[in-house]
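Chain residues, written in single-letter form:
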Amino acid sequence: DSNTGAVSYKKIPASGLMEALQIGIGHSIGSIAPKATRDILMKDFSELEIVHFPALGTSTTPAHRCKDFIFKTYAPRAFKKFRKEFSIEADDFLVSLCTHRLKELSNPGASGSLFFLSHDDNFIIKTITRKEAIFLQKLLPGYYLNLTQNKKTTLPCFYGSFLYESMGKTIRICIMNNILPSNIKYHEKYDLKGSMYKRQASNKERMKSSPTLKDLDFLEEHPGGLILQPDLYDDLKRTLERDIRVLESFRIMDYSLLLGIHNISVNKQETLKSRKPNLETRPYSDQEIGYDQDYAKQVLDRIGSKRLKDNWKQDDSIPHGGTLAVNERGEKCLIFLGIIDILQSYRYYLYDRFMSHFLRLTIINYYENGE
Ligand code: ATP
Ligand code: CA
Ligand code: CA
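Draft legend 1. Structural detail: empty space enclosed by the protein. Following the criterion strictly, the structure yields two cavities of 30 Å³ or more and no others. Taken as a whole, the second largest cavity encloses approximately 40 Å³ of empty space. In terms of lining, the second largest cavity is formed by Lys126, Ile128, Pro156, Phe158, Cys174, Met176, Ile340, Asp341, Ile342 and Leu343. Looking at the lining of the second largest cavity, the elements that each hand over two or more residues are strand S7 (123–128) and strand S9 (169–177). A per-class count over the lining of the second largest cavity returns eight nonpolar, no polar and two charged.

Quick look at the structure:
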């Protein structure tokens, strides 16, 4: 509702949705965590777990303040395996996502997806379309192959994919890594596609305190690019080539390389200023429902988590993943990067007659606009 400033998605207020998602995710992760692991089988990629969450609760689900809802977990075993590959412990995952309110990112793309950030900044929840959710499921075996063969992959780390259904509305989400943790200040941020066509940030974007710029802006700022040490460059180039080969094999289009640049030299001169968060987050008002930590604590208790004792504090250490680079002025920088937005495939569009018609129209439009 634009008058009150409250954010909603498919007319479901974001705050209530968040609470239901946290309950659903908590239950899902908590119930798969203690199960014995075995090798992943092909059928695990298409598994779907469905749980009903009536507001009054059941013997296995908690009572809650949301409307009755259904929560589905896509490929629970496969995602558990992915989390293990990414060294994400179940209890850390739960503490990050389910014990504190999520932050809402006011920085989403043009698609209208909502983005939530875990309180400690480690995880991003993105709402995805039905098509994207179906595509993610089809992608999983290929994604897993890449994960095991290309350890340094820059593709998004997918930690889970879920569906929430309530009052006739369906919302699908995926959980992934945050490429730009906000305890680092980004002096520049780019969403790069390797194309020049309309790849310039809007004036509205530029007005933001931490805008996400595009290809043409990057070329203007860094006509000679950024300079990496030869071995780092070779490594990164090889990894990106391998990742892109996987994306191409799935006819994935419209993905971007998200790049955050922390300028160490400039930062030294800025030490007087206080650190600003890199992404704009909206604080909650008092009227909005607060998330009750009790349920998350119960789940942690059930899986025998040591995290229950104390450790609710967030770790303030500088995250790993930054790569040293130098810009044209010889200033030392740390760069953070990863590929994002990979769930749109051309192949699956073409299967759909309406969409293929639409695609032709946009291509014609594209050519008529002089490209
Ligand atoms: P569109 O399809 O219009 O491009 P979208 O809704 O699919 O938009 P994305 O392109 O996935 O959104 O992301 C939009 C912006 O959100 C990115 O440019 C980036 O600033 C931020 N973002 C997305 N994913 C991540 C991530 N994993 N880590 C950090 N920031 C992210
Ligand atoms: Ca995008
Ligand atoms: Ca997109």
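Draft legend 2. Here's a closer look at the sheet that holds strand S11 (residues 227–228). Taken together, five strands build an open sheet; the order of strands is S10-S12-S15-S14-S11 and the sheet is antiparallel. Across the chains shown, the open sheet's two edge strands, defined by having one partner strand only, are strand S10 (188–192) and S11. Pairing of S11 with strand S14 (residues 323–326) involves two bridges; the strand directions are antiparallel. The residue bridging leucine 228 from the neighbouring strand is alanine 325, located in S14. Helix H7 (residues 230–249) rests against S11, strand S12 (256–263), S14 and strand S15 (332–340) of the sheet, and its axis sits at about 10° to S15.

Draft legend 3. Structural view of helix H4 (residues 130–149). With 20 residues, H4 should reach 28 Å at 1.5 Å per residue; the first-to-last C-alpha distance of 29 Å fits that figure. At leucine 140, H4 is bent by approximately 45°, the largest bend along its length, and proline proline 141 sits one to four residues beyond. Burial in H4 covers these residues: Glu132, Ala133, Phe135, Leu136, Leu139, Leu140, Gly142, Tyr143, Tyr144, Asn146 and Leu147.

Draft legend 4. Just the site of ligand 1, in detail. Among the 18 residues in the neighbourhood of ligand 1, the closest are listed as Ala110, Ser111, Lys126, Asn177 and Asp191. Protein coverage of the free-state accessible area of ligand 1, which is 620 Å², stands at 91%. Elements with a contribution of two residues or more to the shell around ligand 1: S7 and S9. Looking at which domains feed residues into the shell around ligand 1, each of domain 1 (8–180 + 290–308) and domain 2 (188–276 + 320–368) gives three or more.

Draft legend 5. Fine view of the coordination of the calcium ion (ligand 3). Within the first shell, the calcium ion (ligand 3) binds the protein through Asp341 (OD) and Asp341 (OD), at distances of 2.4 to 2.5 Å. Inspection of the secondary structure puts aspartate 341 in the loop between S15 and helix H10 (346–351).

Draft legend 6. Quick peek at the side chain of serine 256. Within the element layout of this structure, serine 256 appears in strand S12. A polar atom in the side chain of serine 256 sits 3.4 Å from the side chain of lysine 193. Dropping the residues within four chain positions of it, serine 256 is found in contact with Asp191, Leu192, Lys193, Gly338, Ile339 and Ile340.

Draft legend 7. Local environment of the nonpolar core. Formed by 80 residues in total, the largest nonpolar core has its most connected members in Ile25, Phe82, Phe116, Leu139, Phe158, Tyr164 and Ile175. Residues from two domains meet in this core; each of domain 1 (8–180 + 290–308) and domain 2 (188–276 + 320–368) gives at least three. When sequence neighbours within four positions are dropped, the list of residues in contact with phenylalanine 82 reads Phe45, Leu140, Tyr143, Tyr144, Leu147 and Phe158. With six residues, the next largest nonpolar core counts Ile179, Ile184, Leu258 and Phe336 among its residues.

Draft legend 8. Expanded view of the packing of aromatic side chains. Under the defined criterion, the tally for this structure stands at 17 aromatic pairs. Judged by centre distance (5.5 Å) and plane angle (35°), the ring pair of phenylalanine 69 and tyrosine 164 falls under tilted. Of the two residues, phenylalanine 69 sits in strand S4 (residues 69–74) while tyrosine 164 sits in strand S8 (residues 158–166), which places them 95 residues apart along the sequence. Ring centres of tyrosine 186 and phenylalanine 336 lie 5.7 Å apart, and the angle between their planes is 90°; this geometry places the pair in the edge-to-face category. Placement of tyrosine 186 in the loop between S9 and S10 and of phenylalanine 336 in strand S15 is noted, with a sequence separation of 150 residues between them. In this pair, the class of tyrosine 186 matches that of phenylalanine 336, namely buried. Taken together through their ring pairs, the aromatic side chains of Phe45, Phe79, Phe82, Tyr143, Tyr144 and Phe158 make up a single cluster.

Calculation rules
- Residues numbered from 1 in each chain as written.
- Chains lettered and ligands numbered in written order.
- Predicted model: local features only at pLDDT ≥ 70, side-chain atom pairs only at ≥ 80, totals over all residues.
- Heavy atoms only, no water.
- 1 Å grid on protein atoms, 1.4 Å probe; cavity = no way out; pocket = protein on both sides within 12 Å on 5 of 7 lines; lining within 4 Å.
- Points joined across faces, edges and corners; volume = space filled by probe spheres on them.
- Helix = DSSP H or I, 4+ residues; strand = E, 2+ residues; numbered from the N terminus.
- Nonpolar A, V, L, I, M, F, W, Y, C, P; charged D, E, K, R; others polar.
- Pairing = 2+ DSSP bridges.
- Contact = heavy atoms within 4.5 Å.
- Axes fitted to C-alpha atoms, helices over the stretch in contact; angles between N-to-C directions.
- Expected span 1.5 Å × (residues − 1).
- Bend = angle between axes of the 7 residues up to and from the residue.
- Buried < 20%, exposed > 50% of the residue type's maximum accessible area, 1.4 Å probe, protein only.
- Near = heavy atom within 4 Å.
- Areas by Shrake-Rupley, 256 points an atom, 1.4 Å probe, with all protein chains shown as cover.
- Domains from an automatic or database assignment.
- Donors = N, O, S within 2.8 Å, 3.2 Å for Na, K, Ca; no water.
- Polar contact = N/O pair within 3.5 Å; in protein donor to acceptor, adjacent residues only side chain to side chain.
- Core = buried A, V, L, I, M, F, W, Y, C linked by side-chain atoms within 4.5 Å.
- Phe/Tyr/Trp six-rings, centres within 6.5 Å; stacked < 30°, edge-to-face > 60°.

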